[in-house]
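Chain by chain, the residues:
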Amino acid sequence: MQTRFIGKPMPRKEGREKVTGRARYIDDITMPGMLFGATVRSPVPRGRIKEIRFDPQIPWDEFTIVTAQDVPGSNYVALIVNDQPYLADRLVNHAEEPVLLLAHTDKYLLEEARRAVRLEIEPLPPVFTLDESDEKKEIIWGEDNVFKSFLVEKGNVDDVWAGADFIVEGEYRTGAQEQLYIETNGVIAVANPEEGVTVWGSMQCPYYVHKALIKLFNLPEDKIRVVQTETGGGFGGKEEYPSMIAGHAALLAWKSGKPVKIIYDRAEDMAATTKRHPSRTRHRTAVTRDGRLLGMEIDFVVDGGAYATLSAVVLSRGTIHAAGPYNCPNVRIRSRAVATNVPPHGAFRGFGAPQSIFALERHMNKVARAVGLSPEEFRRRNFIREGETTATSQVIREAVDMQRLVERAFELSDYRDKQERFARENESARVKRGVGFASFMHGAGFTGSGEKYLQSIVGAEATPEGRVRILAANTEIGQGTNTIFAQIAAEALGLDFEQIEVAQPDTANVPNSGPTVASRTTMIVGKLVESAALSLRQTLQNSKLLADSYSPEDFSRACRDYLAKYGQLKSFSQYKQPAEIDWDDEKYRGDAYGAFAWAVYVAEVSVDTLTFEARVEDFVAVQEVGRVINPTMAAGQIEGGVAQGIGYTLFENVVWRGGRMINNQMTNYIIPTTADIPPIRVHFEEMPYEHGPGGAKGIGELPMDGAAPAILNAIENATGLELNQIPLMPEQLMEAFRGEHA
Amino acid sequence: MNRFEWTDAATVHEAISQLNGRAVVKAGGVDLLDRLKEGLEAPQRLVNIRNIRGLDRIEEGKDGLRIGPLVTLARLSEDKLVLERYTALAQAAGRAATPQIRNMATAGGNLLQRPRCWYFRQEEFHCRRKGGERCFALDGENQYHAIFDNQLCAIVHPSALAVPLMAFGARVVLTGSKGAREVELERFFVTPEQDIMRENIIAPDELITEIKVPRLQPATRSFYIKQGEKESFDWPVADVCAVLQTKGNVCLKASIVLGAAAPVPWRASKAEASLAGKVINEQSAREAARLSMEGATPLAQNRYKLAVFEAIVRRAILRQASS
Ligand SMILES: Cc1cc2nc3c(=O)[nH]c(=O)nc-3n(C[C@H](O)[C@H](O)[C@H](O)COP(=O)(O)OP(=O)(O)OC[C@H]3O[C@@H](n4cnc5c(N)ncnc54)[C@H](O)[C@@H]3O)c2cc1C
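Everything numeric in this text was worked out from a predicted model, so none of it was measured.

## Describing the sheet that holds strand 8 (residues 166-174) of chain A
Residues and elements named next belong to chain A.
Link 1 in the chain: The six strands are arranged 7-15-14-13-8-28 in an open sheet whose pairing can be described as mixed. Looking at the sheet topology across the chains shown, the edges are occupied by strand 7 (146-154) and strand 28 (725-726).
Link 2 in the chain: Bridging between strand 7 and strand 15 (residues 330-339) involves eight bridges; their strand directions are antiparallel. Following the sheet pairing, S149 is matched in strand 15 by R336.
Link 3 in the chain: Sitting on the sheet, helix 7 (residues 311-321) is in contact with strand 7, strand 14 (293-305) and strand 15, with an inclination near 25° to strand 7.
Link 4 in the chain: Most of the contacts of helix 8 (residues 353-371) go to strand 8, to which it runs at about 150°, and overall it touches strand 8, strand 13 (279-287), strand 14 and strand 28.

As structure tokens, this is what we get:
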């Protein structure tokens, strides 16, 4: 198909504003009479609030002070389960839990005041790890500490063990990870009974915040307005948390009658806001002598932290991805998200899948070894093909060819040669080298019936200048939403790229096109952008203002004429699930995702046996993601995701003490720099997906899945060490070496 | 961070006269601003010395090298003279922090930056170094802490420049209201036993006005290695400078200093002694590396540092044999 914009490296729509410093982020904005807000947080992981004391040194009468008693509506952050209060009332369930809010015009005095509030909390026994929570010695949430559990059944796994030639078991663990977007969380709120509540801020999902504020203030929908300002990164970290900080600023604004700004500093943002769920996965696998999978039993647990937040959905995605791109007739996956007394874990790129895929792809190597096959040969015998079914019994209807991706990745990385050469050289080398890979898939869009319930709507509007403006709630968070939408609309309408504008996400002006999460923006919302744009054109043509064939100038003129005649021109398009998608929410069975992206990632590592440093020396990422809309941005997504994955594997260690992250500074929470990242060679296989705009599928999360298992597989190849926990720090490598060679 | 008053000093004298009450010196401001933001200090006045003329020179005289305290790490790392003669100093400056920071950070400020211990850097932990009762690292997170002299307070000295400077036998000139004094770097830094609330002997009204590095003996070469968790943006987990005077491949005299090993830059005396008069080869280097760790008392989480130090001490010694 000949295209003008799809598949072209169009420059970023808002790029010029960003690099020239003209883009305005929330902290660049100020309002007359504005106060600054601060949050007093619990230092204790679990306990009963006995007393709040105010140091008499501070002129408290100058401050606006908000506690749970000041909440006009209901004191819960509305999301899935109503368990998380905006402000703790009698009980606190995690350290850093917000208890009280302060506002003042003087930032410096505010800071002193925050330190001068003393919380007297009578401690209760806390639970800090998922193992402790799973053992249920102490019940801290509901009846059994379980936020949510799933059971996926395919075939009958109980019958396979007796006939298996090999049964292989393993346990795999992953740690927490901080999103570490460049811009910390921040909002400004204006709120009063007359005008209602308006919040501007850094966020991914304006309508989540909208929904939460309706409940918090008990106001009608049209009295709440949420506007996304330029946002410096999200990675999931601004999916649910903005509802909390927006609520706080709005409560202070409501009580003081003045605009209130809250901006977290880095330390507060790292300690108090969400991180990736730590996990534990246990595998038990039955295989035949010739390396065919007979049965897989998987137990997957994630640590949700103190409140339910999005854990149920993170768990769902992790569960569905736990058995990977393999054809196995009998599968049972049991999973649960459990409560601990740490700040709630939340959305983070990959959303549960990186955890369960890490486990699976380490385990597949182990099974291969037990059978006596190479990791690639074992996988080759089990890769899923068109017509076969996933763990949820979803029939694969696309011509997927994982083996081709493997071959491509091996070719690009020189895998076979390197493996042989390294094996030879490692005999005498102090620095051991190795290669490893992971093969995986990632579902795009909301799981199961999620998209059906969302009913996303996108609008297209003609502007007085004769351009087309896209109306969607999906946010530009650095990943390229604005550019991709403009490419899709310009292509569909045959207009110039510059003729498309993308409206600022503002709940007063744009319809609810759903959240900016789950790799759905391009594939699902992009498709709606296309149909809204086409329906706008249809209106112009029906009104006879536009001929069947037209130039971009004709189109502009038609828009202007239409506006002159009728005042406004807007058309909308709503999501309709493709008829063949069939999902059973009760049994957790059926078509979990409209489409999957498929990938094979190869890592080359070196391990210094004297300093115990492991370095990733080279990385090849091969994926099939449907049609690529913008090759520069798509490659950027993959490179960024791989870099984040390398951090997840070898650098990023959240250190907990008493339920608090104690390395909540960028000088001691170590993320890789560009100097630590190897060349990342990105390759796309393109197979257009019929329901995606221009044939595209989602890719945002995919690259987060593959790095960790590929790297540990490579370390195993280099050293022979079987390491099944990330982050893997040099200390652990040293211990493993010493244990092995003692 | 608190509000403060800002003074721009044009001369050393002017700066010193402003240093009373709760005033502090600000050079590049890299460390100082962090401390203010972390809520560790609340000075009433910042005395900016960045604009004092004449404090940013690198000069070679009869008795060696003189480095002004305002010379940035970036300049030290690129200066031809330093690169050629005092290679390890240029290497240490060039491997520290990040390019942006090296453009701001000064040599004086680098020597006087305060420790990176997590507990020290967190306002909420009132540790011994801040006048409290406990060292939280001793039974807490101590993977980055000292492996020598770590009984009272387990910080490591964070300055990378101090490591080669001490190995070269440098001295600092301190100028205060009562005049100037010159101190060997080795006596400039203080251990927790000497004074647990400070890392050096500078008085509140004193400035470092010069760093003096003595002229090197002929056939002396130096090498610096930093081992970090990442390649940039980070302090060392372990670093070492070896200065060797050689004749052929025989070592006449060795000076070996370890960074991130103890509350002060740590001289590995036994390793130095073991090399004197020996041929530099794998075996002597390995022996010196082993001896450099003798007497170490690692904490629960930092035993790995011994392996790392042994590896880099060995490599630093062997690098000179091969260069
Ligand atoms: C991410 C990061 C990584 C880093 N990595 C490294 C590293 O690898 N190695 C390393 O060595 N350092 C590292 N640093 C620290 C950095 O090099 C120091 O903070 C910097 O050198 C301090 O110099 P400055 O001029 O900014 O000092 P300032 O912050 O201005 O001052 C530091 C202290 O010295 C005092 N002071 C400064 N100059 C004088 C003077 N002439 N007389 C008297 N008192 C003075 C100040 O009062 C203050 O107490 C790193 C810093 C960061 C942020």
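Next comes the rest of the account.
## Quick word on the packing of helix 7 of chain A against helix 8 of chain A
Residue and element names in this part refer to chain A.
Link 1 in the chain: At a closest axis distance of 7 Å, the pairing of helix 7 and helix 8 adopts a crossing angle of 25°. Between helix 7 and helix 8, the angle falls in the class roughly parallel. Classified by chirality, the crossing of helix 8 by helix 7 is right-handed. Between helix 7, through R317, G318 and H321, and helix 8, the contact on the second element is made entirely by A353, Q355, S356 and I357.
Link 2 in the chain: Split by residue class, the contact of helix 7 with helix 8 holds two nonpolar, four polar and one charged.

## Focus on the domain arrangement of chain B
Residue and element names in this part refer to chain B.
Link 1 in the chain: Taken domain by domain, chain B holds domain 1 (1-51), domain 2 (58-113 + 155-214) and domain 3 (220-322).
Link 2 in the chain: Summarising the inter-unit geometry, the C-alpha centres of domain 2 and domain 3 are found 20 Å apart.
Link 3 in the chain: Facing 22 residues of domain 2, the contacting portion of domain 3 comprises 22 residues.
Link 4 in the chain: Breaking the side of domain 2 that touches domain 3 down by element, the ones donating at least two residues are helix 5 (87-95) and helix 9 (162-167).
Link 5 in the chain: Taken together, the residues that form the side of domain 2 that touches domain 3 break down as 16 nonpolar, five polar and one charged.

## Here we look at helix 5 of chain B
All names here are of chain B.
Link 1 in the chain: Counted residue by residue, helix 5 has seven buried out of nine residues, so it is predominantly covered.
Link 2 in the chain: Buried within helix 5 are the following residues: A88, L89, A90, Q91, A92, A93 and R95.
Link 3 in the chain: Check the buried side of helix 5 and you find it contacts helix 3 (73-78), helix 4 (80-85), helix 6 (99-104), helix 9, strand 9 (220-227) and strand 10 (238-247).
Link 4 in the chain: Immediately downstream of helix 5, the backbone of A97 shows phi near 50°, a positive value.

## Notes on the site of the ligand
Link 1 in the chain: For the ligand, the set of nearby residues contains 33 residues, the closest of which are G28(B), A105(B), G108(B), G109(B) and L112(B).
Link 2 in the chain: This site is not confined to one chain, since residues near the ligand come from chains A and B.
Link 3 in the chain: Only strand 2 (23-26), helix 2 (30-37), helix 6, helix 7 (107-112) and strand 8 (207-214) of chain B provide two or more residues apiece to the shell around the ligand.
Link 4 in the chain: Here the residues of the shell around the ligand sort into 21 nonpolar, nine polar and three charged.

## Comments concerning the domain arrangement of chain A
Residue and element names in this part refer to chain A.
Link 1 in the chain: Segmenting chain A into domains produces domain 1 (26-124 + 180-272), domain 2 (279-447 + 588-741) and domain 3 (450-574).
Link 2 in the chain: Each of domain 1 and domain 3 was reduced to a C-alpha centroid, and the two centroids are 35 Å apart.
Link 3 in the chain: In this complex, domain 1 contributes 16 residues to the contact, which on the side of domain 3 involves 13 residues.
Link 4 in the chain: Within the residue set of the side of domain 1 that touches domain 3, elements represented by two or more residues are helix 4 (206-217) and strand 11 (224-228).
Link 5 in the chain: A breakdown of the residues in the side of domain 1 that touches domain 3 according to their chemical character gives seven nonpolar, seven polar and two charged.

## Thoughts on the environment of V92(A)
Residue and element names in this part refer to chain A.
Link 1 in the chain: Topologically, V92 is positioned in strand 4 (residues 91-92).
Link 2 in the chain: Of the residues examined, V92 has 27 C-beta atoms within 10 Å and is grouped as buried.
Link 3 in the chain: In this structure, the C-alpha to C-alpha distance between V92 and A306, residues 214 residues apart in sequence, is 9.4 Å.
Link 4 in the chain: If we skip the residues at most four places from it in the chain, V92 touches S42, V44, R46, G47, I49, E97, V99 and I121.

## Overview of the interface of chain B and chain A
Interfaces are often described in size by the accessible area the parts lose on coming together.
Link 1 in the chain: The interface of chain B with chain A comprises 20 residues on the first partner and 20 residues on the second.
Link 2 in the chain: Put simply, the parts of the chain that give the side of chain B that touches chain A at least two residues each are helix 8 (118-121) and helix 13 (304-322) of chain B.
Link 3 in the chain: For the side of chain B that touches chain A, the leading source of residues is helix 13 of chain B, giving four residues.

## Section: helix 14 (residues 521-542) of chain A
Link 1 in the chain: With 22 residues, helix 14 of chain A should reach 32 Å at 1.5 Å per residue; the first-to-last C-alpha distance of 30 Å fits that figure.
Link 2 in the chain: Once helix 14 of chain A ends, the next one or two residues include K544(A), with phi positive near 70°.

## Quick word on the nonpolar core
Across soluble globular proteins, you tend to see nonpolar side chains buried next to one another.
Residues and elements named next belong to chain A.
Link 1 in the chain: Ranked by internal contacts, the top residues of the largest apolar core, which has 328 residues, are A189, A249, A489 and I711.
Link 2 in the chain: Ranked by the residues each element gives to this core, the list is headed by strand 23 (residues 595-608), at eleven residues.
Link 3 in the chain: Excluding residues within four positions of it along the chain, A249 makes contact with G37, V187, I188, A189, V199, V260, K261 and I262.

## Focus on the pairing of strand 7 (residues 179-184) of chain B
Residues and elements named next belong to chain B.
Link 1 in the chain: Bridge count between strand 6 (residues 171-176) and strand 7: six bridges; the pairing is antiparallel. When the bridges of strand 7 are listed, R171 appears paired with E184.
Link 2 in the chain: Once strand 6 ends, the chain turns through two residues before running back antiparallel as strand 7.

Rules used in this analysis
Sequence order sets the numbering: in each chain, residues are counted from 1 along the sequence as written. Numbering of ligands from 1 and lettering of chains from A proceed in the order in which they are written. Residues qualify for local features only when their pLDDT is at least 70, as the model is predicted, and side-chain atom pairs are given and counted only at 80 or more; totals for whole chains, interfaces and linings, by contrast, use all residues. Strand pairing is assigned whenever DSSP detects at least two bridges linking the two strands. In this text, helices come from DSSP runs of H or I with a minimum length of four residues, and strands from runs of E with a minimum of two, each type numbered from the N-terminal end. Throughout, a residue-residue contact means that the two C-beta atoms, derived from backbone geometry, are no farther apart than 7 Å. Note on method: axes are straight lines fitted to C-alpha atoms, helices fitted across the in-contact stretch only, with angles between N-to-C directions ranging 0 to 180 degrees. Here is the rule for angles: anything less than 35 degrees is roughly parallel, anything more than 145 is roughly antiparallel, 65 through 115 is roughly perpendicular, and the remaining ranges are oblique. Take the far helix as the reference: if the near one is turned anticlockwise from it by less than a right angle, the crossing is left-handed, and if turned clockwise, right-handed. Ten residues, namely Ala, Val, Leu, Ile, Met, Phe, Trp, Tyr, Cys and Pro, are considered nonpolar, four, namely Asp, Glu, Lys and Arg, are considered charged, and the remaining ones, Gly among them, are considered polar. Boundaries of every domain are those given by an automatic assignment or by a domain database. Here a residue counts as buried when 20 or more other C-beta atoms fall within 10 Å of its C-beta, as exposed when 12 or fewer do, and as partly exposed in between; the C-beta atoms come from the backbone. For each residue, a C-beta atom is placed from the backbone, and the residue counts as near a molecule or strand when that atom lies within 6 Å of it. Expected helix span is computed as 1.5 Å times (number of residues minus one). For this analysis, nonpolar core means a set of buried Ala, Val, Leu, Ile, Met, Phe, Trp, Tyr and Cys residues linked through C-beta atoms within 7 Å.

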